[in-house]
Amino acid sequence: MQLPMQITAQCSRSSLPIALYNSKQVYAIEQAWFAQGYDSFGLMQQAAWQMAQRIILLYQQVKTQAKSKAKHHNHKVSQPSACVWVGQGNNGGDGWLIAHYLQQAGWQVQVITVGIENDNQTNDSQNSKSAISDALKAQRMALDMSCPHQRFEDMHQYQNKNARLDIALQADVYIDALFGIGLDRAPANSYKQAIVSFNSAAQQIGALVVAVDIPSGLVASTGQVFEGLAIQADITLCLIARKFGLHTKDGMGFSGKVIDIPLIPFASIEPAAILLKDGQHLTPRCQNSYKGSYGHVLVVGGNRIDGSQGMGGAAILTSSSAMATGAGKITVACHQAFHGALLSSLPDAMTIDLHEQESVEHLIKSASVVAIGMGLGRDEKAKILFTRYLKAAIAHNKTLIIDADGLYHLAALQRDKNELITQLREYSKTHNVCLTPHSGEAAKLLDKKISAIENDRSSAIHQCANIYGGNWVLKGAGSLILAQGQLYVCGAGNAGMATAGMGDILSGVVAGLLAQQDLNDEQNNLCQAVVIHALAGDMLVRQSSYDATTYDRISGNQLLIGQRGLQAQDMPAAIRHIMQKLTC
Ligand SMILES: NC(=O)C1=CN([C@@H]2O[C@H](COP(=O)(O)OP(=O)(O)OC[C@H]3O[C@@H](n4cnc5c(N)ncnc54)[C@H](O)[C@@H]3O)[C@@H](O)[C@H]2O)[C@H](O)CC1
Ligand SMILES: [K+]
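This one's a predicted model, so the numbers in the text were calculated from it and none came from an experiment.

Re the overall build of the chain
- Of the regular secondary structure elements, the chain holds 20 helices and 18 strands.
- For the chain, the proportion of its 584 residues judged to be buried stands at 56%.
- Of all intrachain contacts in the chain linking residues separated by at least 6 positions in sequence, the fraction that spans at least 24 positions is 75%.

Next comes the structure, spelled out in structure tokens:
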């Protein structure tokens, strides 16, 4: 559903970084609250009450927008209606209470229970109040007000998902209270079918979809969705603390706009990650400076393996983005077959033959940053070059960016238990070493399947840092950054950036930024580089989870670029634009 501006304005867009938590941490926050004597059912009532009020407000805003768009005004005031899908746990308990409060507010409600064997569970035989779970208390409270409900398993949607929509499923607002932070495995059987039916009914009706705490089917701690099946929410009302899984891997694809419902204070818990919402401001350059102040980037890559076409483009993209980010000087050590192409696209670059090993080693001495691996090739000769130049960069205390085929050779050195890995790990404790794999490269580095990386990206990036040292980017939807032991999630970027060469562009932004010694640590670090790269990609496709005015969408009749067709070569101009915006 296209949400009205007033709704997106309510979504947390502060440019301050947002702390992200995993399920275990949120449970700990709740338990710490209960340990102070606060009642868990009271908290559930508070959560549900706040969500019900928010849903009423959201619905009014959607209605107002629909009216302003409608050609003719239909003055009939219809009773708003909600269809609340509840599971068995406390997320379901939230759902029962939301239904109860909406009913009290005059809404027409219908609760669809899933996974509850039969109604007599509500006549729970347990007599002592304290033994009854919060979810059952909530259910009872709603049923005491004769809240209409039915079992999903009894509906013909369950038997036949293409069946005509049951009248009970006609509603203005669909509320997902099937699973919250307790989801820990793939929804199966009636739960799986319920998610399919929920999504198709809500889409068919054009209902506003609100997820309670987290879209059901999404794992709060990892952002994983099983078989691509989760509730497709327009809005997620995120309780107590922002979940890590909402911002990485599949999270952004299902959560819609996230609105925080803080509920209880908590301080002493170290977040699982920090969501980066914006780039740091960059200090304008002082007049009295020269290109040496802004560093000399040496790009080592762009090889041509006998008989192949070669990969000169990778080195050209990295160099272009390093210059667009503001590097003072750039030299490209690539196969001489590409020197002409490079100079025609980047006349300010200097070139040297990748295979002239002594000359390249000599150049490493005078460079400030060495970016190695992009289009280097994976054959034995490339491995010899990689090893030799990596050793030289370490010997001369250079800032290092290792990407692409460089990561491939690093994985091979690790498999061979090569001493250079230990040397690199030790070196990275006192020098800036940045490694920027995507999931496939991380799988090689960890000798694991890609699915193992993708299912728990946070663990994967920590394992990479433990083995190889350094600061890491695990690229993907909601790229993870691990720098000085702190995990970050990049909140910008879009699917259009999943194209060839975007990684080469990122390596150039990292190299170009780290080369500029007039910037302080706050301004020139791996996180900043990843955000600049992502903001540039967002601006190019004219979409951003950021306030558009901040980055001045390109106005006028300029040609639109969309996610489909976004190319790495479009990026340097956008990177320059973002650098300028961050410097103003
Ligand atoms: N008082 C409180 O603690 C508050 C809780 N809040 C809400 O509670 C949920 C978390 O509730 P919880 O009962 O721990 O888990 P869920 O409701 O998310 O899941 C229910 C239950 O389901 C089981 N389960 C997990 N995966 C599957 C699966 N694939 N198929 C079937 N069953 C599955 C698992 O055992 C879970 O326990 C939280 O999100 C809030 O919405 C509020 O914060 C208010 C206070
Ligand atoms: K939910």
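Brief notes about the coordination of the potassium ion (ligand 2)
- Taken together, the protein donors to the potassium ion (ligand 2) comprise Asn91 (OD1), Asp176 (O), Asp176 (OD), Phe179 (O), Val212 (O), Ile214 (O) and Ser216 (OG), at separations of 2.6 to 3.1 Å.
- A relative accessible area of 0% means that Ile214 is categorised as buried.

Concerning the confidence of the model for the chain
- Summing up the model confidence of the chain, the mean pLDDT is 89 and the portion of residues at 70 or higher is 90%.
- Scored below 50 in pLDDT, residues 544-554 makes 31 contacts in the model with residues more than four places away or belonging to other chains.
- This complex was scored by the predictor with a pTM of 0.90 and an ipTM of 0.96.

Considering the sheet that holds strand 6 (residues 208-212)
- On the basis of which strands lie adjacent, the open sheet formed by 7 strands has the order 4-3-2-5-6-7-8 and parallel pairing. Each end of this open sheet is capped by a strand with a single partner; those strands are strand 4 (149-151) and strand 8 (257-261). When the angles between neighbouring strand axes are averaged without regard to direction, this sheet yields 20°.
- In this structure, strand 7 (residues 235-239) lies alongside strand 8, joined through 5 bridges in parallel fashion. What sits directly across from Leu239, in strand 8, is Ile261.

Things to note about the state of the cysteines
- Evaluation of the coordinates by the stated rule reveals 0 disulfides.
- Cys147 provides the cysteine sulfur closest to Cys83, a residue in no disulfide bond, and the two sulfurs are 11 Å apart.

Description of the domain arrangement of the chain
- Per the domain assignment, the segments of the chain are domain 1 (20-65 + 78-269) and domain 2 (291-583).
- Distance between the C-alpha centres of domain 1 and domain 2: 42 Å.
- A combined buried area of about 740 Å² lies between domain 1 and domain 2, and 61% of that area is made up of carbon and sulfur atoms.
- Looking at the side of domain 1 facing domain 2, the largest losses of area belong to Phe244, Thr248 and Lys249, adding up to 55% of the total buried there.
- At the boundary of domain 1 and domain 2, one finds 1 salt bridge.
- Here Lys249 ties to Glu454 by a salt bridge, and the two come within 3.9 Å at their closest N and O atoms.
- Counted by class, the side of domain 1 that touches domain 2 contains 3 nonpolar, 4 polar and 1 charged residues.

Focus: the packing of aromatic side chains
- Within this structure, the stated rule accounts for 10 aromatic pairs.
- Look at Trp33 and Tyr38: their rings are 3.8 Å apart centre to centre, the planes differ by 5°, and that puts the pair in the stacked class.
- An angle of 45° between the planes, with centres 4.7 Å apart, marks the rings of Phe179 and Tyr191 as tilted. Highlighted residues: Phe179 in the loop between strand 5 (173-177) and helix 7 (189-205) and Tyr191 in helix 7, separated in sequence by 12 residues.
- We classify Phe179 as buried; its relative accessible area is 18%.
- Three or more aromatic residues link up through ring pairs in this structure, and these residues are Trp85, Phe152, Tyr174 and Phe198.
- Cation over ring: Arg285 sits above Tyr294, and NZ or CZ is 3.4 Å from the ring centre.

Quick look at helix 14 (residues 419-427)
- When we look at burial in helix 14, the residues that qualify are Leu420, Ile421, Leu424 and Tyr427. Axial view of helix 14: buried residues confined to an arc of 125°, hence all on one face.
- Structurally, helix 14 contributes buried residues whose contacts are with helix 12 (380-395), strand 14 (399-402), helix 13 (405-415), strand 15 (433-435) and helix 17 (457-468).
- Capping the start of helix 14 is the job of one residue whose side-chain oxygen sits 2.7 Å from the backbone nitrogen of Leu420: Asn418.

Analysis parameters
Residues numbered from 1 in each chain as written. Chains lettered and ligands numbered in written order. Predicted model: local features only at pLDDT ≥ 70, side-chain atom pairs only at ≥ 80, totals over all residues. Heavy atoms only, no water. Helix = DSSP H or I, 4+ residues; strand = E, 2+ residues; numbered from the N terminus. Buried < 20%, exposed > 50% of the residue type's maximum accessible area, 1.4 Å probe, protein only. Contact = heavy atoms within 4.5 Å. Donors = N, O, S within 2.8 Å, 3.2 Å for Na, K, Ca; no water. pLDDT = per-residue confidence, 0-100. Pairing = 2+ DSSP bridges. Axes fitted to C-alpha atoms, helices over the stretch in contact; angles between N-to-C directions. Disulfide = S-S within 2.5 Å. Domains from an automatic or database assignment. Buried area = accessible area lost by both parts, 1.4 Å probe. Salt bridge = Lys/Arg side-chain N within 4 Å of Asp/Glu carboxyl O. Nonpolar A, V, L, I, M, F, W, Y, C, P; charged D, E, K, R; others polar. Phe/Tyr/Trp six-rings, centres within 6.5 Å; stacked < 30°, edge-to-face > 60°. Lys NZ or Arg CZ within 6 Å of the ring centre and 35° of its normal. Arc of directions from axis to C-beta. Polar contact = N/O pair within 3.5 Å; in protein donor to acceptor, adjacent residues only side chain to side chain.

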